[in-house]
Amino acid sequence: MKTAICYLSCHHGNTRKVVEAMAQAGGADLIDVRTRQTVRLEEYDCIGFASGIYGFEMHKSVAAFARQYLPAGKPVFFVYTYGGAKGAGAKALAQIAGKKGCPVLGEFSCKGYDTFGPFKLVGGIAKGRPNERDLEKAQAFFLGLQAK
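Residues numbered from 1 in each chain as written. Predicted model: local features only at pLDDT ≥ 70, side-chain atom pairs only at ≥ 80, totals over all residues. Heavy atoms only, no water.

> Give me helix 2 (residues 60–69): which residues, what numbers.
Looking only at helix 2, the buried set comprises Val62, Ala63, Phe65 and Ala66. Projected onto a plane normal to the axis of helix 2, the buried residues spread over an arc of 160° and lie on a single side. Along helix 2, the residues that are exposed and aim more than 90 degrees away from the buried face are Lys60, Arg67 and Gln68. Tucked into the core, helix 2 has its buried residues touching strand 1 (3–7), strand 2 (29–32), strand 3 (46–54) and helix 3 (91–99). (Buried < 20%, exposed > 50% of the residue type's maximum accessible area, 1.4 Å probe, protein only. Helix = DSSP H or I, 4+ residues; strand = E, 2+ residues; numbered from the N terminus. Arc of directions from axis to C-beta. Contact = heavy atoms within 4.5 Å.)

> Describe in detail the pattern of salt bridges, supporting the description with residues and values.
Opposite charge on two side chains permits them to pair, given that their charged atoms come into close proximity. Under the criterion given, the structure shown has four salt bridges. With its nearest N and O atoms 3.6 Å apart, the salt bridge here joins Arg16 to Glu20. With Arg16 and Glu20 both in helix 1 (residues 14–26) and four residues apart, the pair spans about one turn of that helix. The class for Arg16 is partly exposed, based on a relative accessible area of 33%. (Salt bridge = Lys/Arg side-chain N within 4 Å of Asp/Glu carboxyl O.)

> Which residues make up helix 1, and what values do they have?
Between its first and last C-alpha atoms helix 1 spans 19 Å; for 13 residues at 1.5 Å apiece the expected length is 18 Å, and the two agree. On the buried face of helix 1, the contacting elements are strand 1, strand 2, strand 3, strand 5 (76–82), strand 6 (104–111) and helix 4 (132–147). Looking one or two residues past helix 1, Gly27 carries a phi angle of roughly 70°, positive in sign. (Expected span 1.5 Å × (residues − 1).)

> Got a sec to walk through the side chain of Ser9? Specific residues and values, please.
Here Ser9 is to be found in the loop between strand 1 and helix 1. Those residues within four positions of Ser9 in sequence are excluded, and the remaining contacts are Asn14, Thr15, Arg16 and Arg34.

> I'd like a rundown of the side chain of Lys74, residues and numbers included.
For Lys74, the position within the fold is in the loop between helix 2 and strand 5. In this structure Lys74 is buried but unpaired, with Asp45 as the nearest side chain of opposite charge at 5.3 Å. Within the local environment of Lys74, its side chain forms a polar contact with the backbone oxygen of Tyr44, the two atoms lying 2.5 Å apart. Beyond its immediate chain neighbours, meaning those up to four positions away, Lys74 contacts Leu41, Glu42, Tyr44, Asp45, Ile47, Cys102 and Pro103. (Lys, Arg positive; Asp, Glu negative; His and termini not counted. Polar contact = N/O pair within 3.5 Å; in protein donor to acceptor, adjacent residues only side chain to side chain.)

Structure representation (structure tokens):
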């Protein structure tokens, strides 16, 4: 199964670590949504969208990327990291996928080191995350998607 994971990873690279572990386990192409490149997602069998949680939801640029480039009917999955709370998680992206008739195969999330806002005053939260166990779970999730 040819898979692309479209991601945005800011601050501490938490999400990048997770999607790189997935790609290493199962051979996905990683697409940073900040780069201005020609994107042809219709060439993929499955498409993932990944981001940290910002203001209780996935980054708006990932949602904008999905609105612009996600082909109708493609199976999708979501990946996100969070410091304190998951918030709405992938709800906005699931709505975009629904409007395009894309089945959602699942979502993976884990804690990620966070120093945003008041967390900076205490040295951050979720220190050391994602850790090896988180990355192993991410790989197992991704390999499970491929088995579907």
